[in-house]
Amino acid sequence: MEHRQPMRPAETSSQGAIHITDVIAHPLSQTLPKPTVTSWGIYSEVSIVLVEVRTDSGIVGVGEVLARFSPKAYAELIETSLKPRLVGQDARNIGALWQSMRRALSGRAGGILIEAIAGIDIALWDILGKAAGLPIAKLLGGIGRESIDVYAAAVNWVDDAEADRELERYIGEGFPRIKVKMSNPVKEACRRIERLRKRAGDDIGLCVDANWAYNLDQAVEVGKALSANGYFWFEEPLAPENEQGYEELRKRCDVPLAAGESNFTADQVQRLVSRRTLSILQPDVARAGGITETRRMADYAALHDVAYAPHIGMSGIICETASVHLAAALPNFRVMECECDLSPFKRELADLAPGCIRQKNGTLDVPTAPGLGIEIDWDAVARLRTQ
Ligand SMILES: [Mg+2]
């Protein structure tokens, strides 16, 4: 049944309430400074939706939606279907508002709705942190990390000479861990795996992201090359819905399996996590329902001795910063993705924790200012808007 009227959150105490007065979705599109080349092809354009939640206290929260395509469609969904459920409500009741937004479209378990909710949820946590005077990592009951480990992303699926240059650049920038994009043909992939290990030496951690390039037999073969060359994970070897394939691969591959960037909610990863098919879960906070649902996924993973490694590929500064706060707070955090070719969504929208070191020897500092701890440049938002 479709709910035509906004559901009222159950808790209606108004003491100290911070009422939402407006929700504005800003669709942004840009050309990447350098194309990303994966098994899917070449990406040279990227888009996100920046969500602005205004309140009667004067506090403004910002969030980000992973909206690779059709960002205007996400903005429309946010402003027509979700905003009416939010305006007038207490921004602090994040759990209730999440449930209310989830009911905006019945019968749809993931996709654009959960991604749209993600942007609003991040903005609500930003508001809560600003109201409390605490960074989100502390609100999450943080484990207290002041910096987090990251890996360089990524050596693209390009020719040998270019792949070598990218690898050497990341090593030169001080990254002790580097991700390599992998594709077909399998023989070429296995040769690349061995070649880069030799060039990197044994002290650099290497992992591989296949972006679903393989069938099971191919993945087994690539897995053998990864194992022989000491790679630390094999990311998305198979299509995310092929759970049986992942279970079979787990039995036939020594390298830890990583996935989760294509999942939207905790229930979607229940089987792969509870059977410990995956060793590493990689939800993207701007896709997987925001901080609220991503924390549920990571906590569920922790229960099963599965590590949490945030995915942020091609996202903006808000997604990255929200991920840093989760990484700082959650006990099973392993390592986070760090993109080395910064899109305008990372370079121009805000500084990551002004005054902090962005990346040094494979670590990122955790912002200490309230909320996300970043100040959005609204002129940049106007400049980067989708035409
Ligand atoms: Mg990936």
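The structure presented is a predicted model; accordingly, all values stated were derived computationally and were not measured. (Residues numbered from 1 in each chain as written. Predicted model: local features only at pLDDT ≥ 70, side-chain atom pairs only at ≥ 80, totals over all residues. Heavy atoms only, no water.)

1. Some words on the overall build of the chain
Right, on to step 1. Helices and strands together make up the secondary structure of the chain, namely 13 helices and 12 strands.
Right, on to step 2. A compact globule built from 387 residues would reach a C-alpha radius of gyration of about 21 Å, and the chain, at 20 Å, matches this within 12%.
Right, on to step 3. Considering only C-alpha atoms, the chain reaches an extent of 60 × 45 × 40 Å along its principal axes.
Right, on to step 4. Each of the 387 residues in the chain was classed as buried or not, and the buried ones make up 58%.
Right, on to step 5. The long-range share in the chain, meaning contacts at least 24 apart out of those at least 6 apart in sequence, stands at 75%.
Right, on to step 6. When the accessible surface of the chain is split by element, carbon and sulfur atoms take 48% of a total near 15200 Å². (Helix = DSSP H or I, 4+ residues; strand = E, 2+ residues; numbered from the N terminus. Rg over C-alpha atoms; globule rule 2.2 N^0.38 Å. Buried < 20%, exposed > 50% of the residue type's maximum accessible area, 1.4 Å probe, protein only. Contact = heavy atoms within 4.5 Å. Areas by Shrake-Rupley, 256 points an atom, 1.4 Å probe, with all protein chains shown as cover.)

2. A closer look at the coordination of the magnesium ion
Right, on to step 1. Protein-derived coordination of the magnesium ion comes from Asp-209 (OD), Glu-235 (OE) and Glu-261 (OE), at a distance range of 2.0 to 2.2 Å.
Right, on to step 2. As a motif over one chain, the donors of the magnesium ion read D-x25-E-x25-E. A residue pair is termed long-range when its members are at least 10 positions apart, and Glu-235 in strand β7 (residues 234-235) and Glu-261 in the loop between β8 (257-259) and α9 (270-274) qualify at 26 residues.
Right, on to step 3. Classification of Glu-235 as buried rests on a relative accessible area of 0%.
Right, on to step 4. Given the relative accessible area of 8%, Glu-261 is considered buried. (Donors = N, O, S within 2.8 Å, 3.2 Å for Na, K, Ca; no water.)

3. So, the side chain of Asp-164
Right, on to step 1. With respect to the helices, strands and loops of the structure, Asp-164 is situated in helix α5 (residues 160-172).
Right, on to step 2. Not counting the four nearest positions on each side in its chain, Asp-164 is found in contact with Arg-195, Leu-196 and Arg-199.

4. Observations concerning the packing of α5 against helix α6 (residues 186-200)
Right, on to step 1. In contact at an axis separation of 11 Å, α5 and α6 are set at 40° when each is read in the N-to-C sense. When the interaxial angle is binned, α5 and α6 end up oblique. Crossing geometry of α5 relative to α6 is assigned as right-handed. In contact with Asp-160, Ala-163, Asp-164, Leu-167, Glu-168 and Ile-171 of α5, α6 contributes Arg-191, Arg-192, Arg-195, Leu-196, Arg-199 and Ala-200.
Right, on to step 2. Considered class by class, the residues forming the contact of α5 with α6 number five nonpolar, no polar and seven charged. (Axes fitted to C-alpha atoms, helices over the stretch in contact; angles between N-to-C directions. Parallel < 35°, antiparallel > 145°, perpendicular 65-115°, else oblique. Left-handed = near helix turned anticlockwise from the far one by under 90°. Nonpolar A, V, L, I, M, F, W, Y, C, P; charged D, E, K, R; others polar.)

5. Concerning the packing of helix α1 (residues 71-86) against helix α3 (residues 111-132)
Right, on to step 1. Two elements in contact, α1 and α3, have axes whose closest approach is 10 Å; the angle formed by their N-to-C orientations is 65°. The orientation of α1 with respect to α3, classified from their angle, is roughly perpendicular. Pair α1 / α3 crosses with right-handed handedness. Contacts from Ala-73, Tyr-74, Leu-77, Ile-78, Leu-82 and Leu-86 in α1 reach Ile-112, Leu-113, Glu-115, Ala-116, Ile-117 and Ile-120 in α3.
Right, on to step 2. Of the residues assigned to the contact of α1 with α3, the class counts are 11 nonpolar, no polar and one charged.

6. Describing helix α2 (residues 94-102)
Right, on to step 1. Of the residues making up α2, those classed as buried are Ile-94, Leu-97, Trp-98, Ser-100 and Met-101. Down the axis, α2 shows its buried residues gathered within 165° of arc, on one side only.
Right, on to step 2. Residues of α2 that are buried make contact with β1 (20-38), α1, α3 and α10 (290-303). (Arc of directions from axis to C-beta.)

7. Details of unusual backbone geometry
With the exception of glycine, the majority of residues adopt a negative phi angle, and the majority of peptide bonds are in the trans configuration.
Right, on to step 1. A cis amide bond links Ala-153 with the next residue in sequence, Ala-154, at an omega value of -10°.
Right, on to step 2. Mapped onto the secondary structure, Ala-154 falls in strand β4 (residues 147-155).
Right, on to step 3. Despite not being glycine, Glu-236 has its phi angle at roughly 40°, a positive value.
Right, on to step 4. You can see Glu-236 is positioned in the loop between β7 and α8 (243-252).

8. Structural notes on the domain arrangement of the chain
Right, on to step 1. According to the domain assignment, the chain consists of domain 1 (9-133) and domain 2 (138-372).
Right, on to step 2. Taken over C-alpha atoms, the centre of domain 1 sits 24 Å from the centre of domain 2.
Right, on to step 3. With 42 residues of domain 1 at the contact, the number on the domain 2 side is 47 residues.
Right, on to step 4. Between domain 1 and domain 2, roughly 3400 Å² of surface is buried when both sides are summed, and carbon and sulfur atoms account for 69% of that area. (Domains from an automatic or database assignment. Buried area = accessible area lost by both parts, 1.4 Å probe.)

9. Quick notes on the pairing of β1
Right, on to step 1. Inspection of the sheet shows β1 paired to strand β2 (residues 41-55) by 14 bridges, in the antiparallel sense. Looking across to β2, one finds that His-26 is bridged to Leu-50. (Pairing = 2+ DSSP bridges.)

10. Describing the packing of aromatic side chains
Right, on to step 1. For the structure shown, the criterion picks out four aromatic pairs.
Right, on to step 2. Ring geometry for Trp-40 and Trp-212: centres 5.0 Å apart, planes at 85°, overall edge-to-face. Placement of the pair is Trp-40 in the loop between β1 and β2 and Trp-212 in the loop between β6 (205-209) and α7 (216-228), with a sequence separation of 172 residues.
Right, on to step 3. Its relative accessible area of 30% is what places Trp-212 among the partly exposed residues.
Right, on to step 4. Three or more aromatic residues link up through ring pairs in this structure, and these residues are Tyr-151, Phe-232 and Trp-233.
Right, on to step 5. Over the ring of Trp-157 we find Arg-192, and its NZ or CZ is 5.3 Å from the ring centre.
Right, on to step 6. For the cation-ring pair, Arg-197 lies above Tyr-231, with the distance from its terminal atom to the ring centre recorded as 5.5 Å. (Phe/Tyr/Trp six-rings, centres within 6.5 Å; stacked < 30°, edge-to-face > 60°. Lys NZ or Arg CZ within 6 Å of the ring centre and 35° of its normal.)

11. A short note on the environment of Gly-174
Right, on to step 1. By the element assignment, Gly-174 lies in the loop between α5 and β5 (177-181).
Right, on to step 2. Note on Gly-174: relative accessible area 22%, which makes it partly exposed.
Right, on to step 3. In this structure, Gly-174 is in contact with Asn-361 and Gly-362, ignoring residues within four places of it in sequence.

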